[in-house]
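Next come the chains, spelled out residue by residue.
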Amino acid sequence: MADVVLRADGVQKHYGELEVLKGVTFEVDRGQVKVIIGPSGSGKSTLLRCLAMLEAPDAGDVYLETERLTALSEKQLAPHRSEVGMVFQRFNLFQNMTALANVMCGLLEVRRLSKREARERALEFLARVGVADKASQYPDELSGGQQQRVAIARALVMRPKAMLFDEPTSALDVELVREVLDVMELLAREGMTMVVVTHELRFAQHVASAVLMMDEGRIVEEARPDEFFSAPKEERTRRFLALVE
Amino acid sequence: MLASFDAHLFWTALSSGPYWRGALTALELTVVSLATAVVIGFFVALAALSNRRRNRSLAWVYNWLFRATPTLLQLYFVWYALPQLWGVFAGHWFTPFAAAWLALSLNEAAYMSEIIRAGLLSVEPGQELAGRALGMTRRQILRKVIVPQAVRIVIPPTGNEFITLLKLTSLAFVISLHELLTAAQELAAATFQYPEPLLASLVYYLVIVSILMMIQARLERRFTWTSRRRRRRFGPPVPAISHDAR
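Rules behind the numbers
- Residues numbered from 1 in each chain as written.
- Chains lettered and ligands numbered in written order.
- Predicted model: local features only at pLDDT ≥ 70, side-chain atom pairs only at ≥ 80, totals over all residues.
- Heavy atoms only, no water.
- Salt bridge = Lys/Arg side-chain N within 4 Å of Asp/Glu carboxyl O.
- Helix = DSSP H or I, 4+ residues; strand = E, 2+ residues; numbered from the N terminus.
- Buried < 20%, exposed > 50% of the residue type's maximum accessible area, 1.4 Å probe, protein only.
- Pairing = 2+ DSSP bridges.
- Axes fitted to C-alpha atoms, helices over the stretch in contact; angles between N-to-C directions.
- Contact = heavy atoms within 4.5 Å.
- Buried area = accessible area lost by both parts, 1.4 Å probe.
- Polar contact = N/O pair within 3.5 Å; in protein donor to acceptor, adjacent residues only side chain to side chain.

1. Observations regarding the pattern of salt bridges
Right, on to step 1. Across all of its chains, the model carries 26 salt bridges over all chains by this definition.
Right, on to step 2. Put simply, A:Asp61 and A:Arg68 hold a salt bridge, and the shortest N to O gap is 3.0 Å.
Right, on to step 3. The salt bridge partner of B:Lys144 is A:Glu109, with a shortest N-O separation of 3.7 Å. Of this pair, B:Lys144 sits in helix H7 (residues 138-168) while A:Glu109 is found in helix H3 (residues 99-109), placing the two residues in two different chains.
Right, on to step 4. What makes A:Glu109 buried here is its relative accessible area of 11%.
Right, on to step 5. Salt bridges linked by common partners bring A:Asp3, A:Arg30, A:Glu65, A:Glu83, A:Arg111 and A:Lys161 together as one network.

Spelled out as structure tokens, the structure:
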């Protein structure tokens, strides 16, 4: 019996007339790294936001382990959200807080740790992503790569059951992409359960347990990376890969 | 020198008790009214940004009511009409100062709510999203993330409001509040001299506003988020000049 951490079951989402997710079923097991690729507007980010329960699906269910998140009210949801780490394309670090305060924030406000304990933990996680020396800097003073690593530390310090990455390197200058991917690769090796939306196909090839192709609100194909890249079954996948490579 | 300028009278006026007390009253009234207006305005702004239609309508009606009617009329209404409509306001506690405080707070709150709303809207939506993803409640996000960032945007126009309000306190003259204009009027009536008493009260306004501008510049530095307290992108503080004819 597979140990499922996150599961979407027939998730639908639309904004007005626009159907963004047309009944997506998806799951990620403990320790798995699933990479989602697909053209823009295919619903990748929306799926991720539904998994993080930042958006409520219009139909279908989302489960975190055995808990049905879609059955919970907004108030009940807040603590559950901290069980799933989310990393955004534009980092979204709190601009009014130093790197350290960003990482401490969830520990203080949500986990209710003491200041001393939160500080210790936060420093430890800043060190893990290699930005301990930037602890007292504000986001404005950090490079994109450093900001994204602080953002990863901020999510990680909550000890989430899974980490979701929404195009974590798309907003970075080319020379800064590597430092963020390295941190993510390290996380994957340590056994973190991850769902990653990205255009970094080499990362997908090296790190993913499975690669998924999304198009027009559906999952078109899911396969192990070697199969996915060498012998994609679907015509849509072949066309997309030809465009990206 | 001017033909009939009496320097002695000017200095006497400047250092006289009524002027001091008048200036102090004007300053007190401005500070308490603005503080009250910020609190009320904050909640009106939240209502205006609410998902609930009813809250948005209430905010709209509030702003409409207090911005569409003259401040002087509101002052008159609070001082003369309110005690006749409502017994509580007929008591001795309802002094000209209390009446002016009530009227100016309610009036100013309408303007402050728009300023605060703009400040809240200026905070990038990604900030709230990140807070929610961490598991923070809306209240926590508002308190720790959004309000501190909105403050920076809200400070310069609030400086303007302070100045407008300071000048509006002279309207309270009509409900017999002893503020700066009263002092000038009384002195002028007693000496039949206008330049000196009026110029003396003008000096007080200039001094109060100058001090305010210094405080504002400090506050703006305080709410700029860099560890070296650099002042990038923001430049010098917005000149606190107001040409509001409320």
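2. As for the sheet that holds strand E6 (residues 84-87) of chain A
Sheet strands pair via backbone hydrogen bonds, and the direction of the pair is either parallel or antiparallel.
All names here are of chain A.
Right, on to step 1. Pairing in this open sheet of 6 strands is mixed, and the strands run E6-E7-E8-E3-E9-E10 from one edge to the other. Of all the strands in the sheet, the pair left with one neighbour each is E6 and strand E10 (218-223). With strand direction ignored, the average angle separating the axes of adjacent strands in the sheet is 20°.
Right, on to step 2. Two strands pair when backbone bridges link them, and strand E3 (residues 33-37) and strand E8 (residues 194-197) are joined in this way by 4 bridges, in the parallel orientation. Paired with Lys34 across the strands is Val195, a residue of E8.
Right, on to step 3. Contacts between helix H1 (residues 44-51) and the sheet are confined to E3, E6, strand E7 (162-166), E8 and strand E9 (210-215), with E7 contributing the most and set at about 150° to the helix.
Right, on to step 4. Its contacts with the sheet put helix H9 (residues 235-244) on E3, E9 and E10, and the angle it makes with E9 is roughly 95°.

3. Considering the interface of chain A and chain B
Right, on to step 1. The interface of chain A with chain B comprises 29 residues on the first partner and 25 residues on the second.
Right, on to step 2. Buried surface at the junction of chain A and chain B, both sides included, amounts to about 2300 Å², of which 53% is carbon and sulfur.
Right, on to step 3. Our enumeration of links across chain A and chain B arrives at 2 salt bridges.
Right, on to step 4. The residue A:Glu109 makes a salt bridge to B:Arg143 at a minimum N-O spacing of 4.0 Å.
Right, on to step 5. Our count for the chain A to chain B interface comes out at 7 residue pairs in polar contact (both at pLDDT 80 or more).
Right, on to step 6. Among the secondary structure elements, those contributing two or more residues to the side of chain A that touches chain B are helix H2 (74-81), E6 and H3 of chain A.
Right, on to step 7. Here the element with the most residues in the side of chain A that touches chain B is H2(A); it accounts for 4 residues.

4. As for the sheet that holds strand E1 (residues 4-15) of chain A
Residue and element names in this part refer to chain A.
Right, on to step 1. Strand order across the open sheet formed by 4 strands is E2-E1-E4-E5, with antiparallel pairing between neighbours. Only two strands of the sheet have a single neighbouring strand rather than two, namely strand E2 (18-29) and strand E5 (67-68).
Right, on to step 2. Across the sheet, H1 touches E1, E2 and strand E4 (59-64), and the angle it forms with E1 is around 120°.

5. Concerning the pairing of E10(A)
Residue and element names in this part refer to chain A.
Right, on to step 1. In terms of strand pairing, E9 meets E10 through 5 bridges, oriented antiparallel. Following the sheet pairing, Asp215 is matched in E10 by Arg218.
Right, on to step 2. As consecutive antiparallel partners, E9 and E10 are separated by 2 residues, and within that stretch Glu216 has a phi angle of approximately 45°, a positive value.

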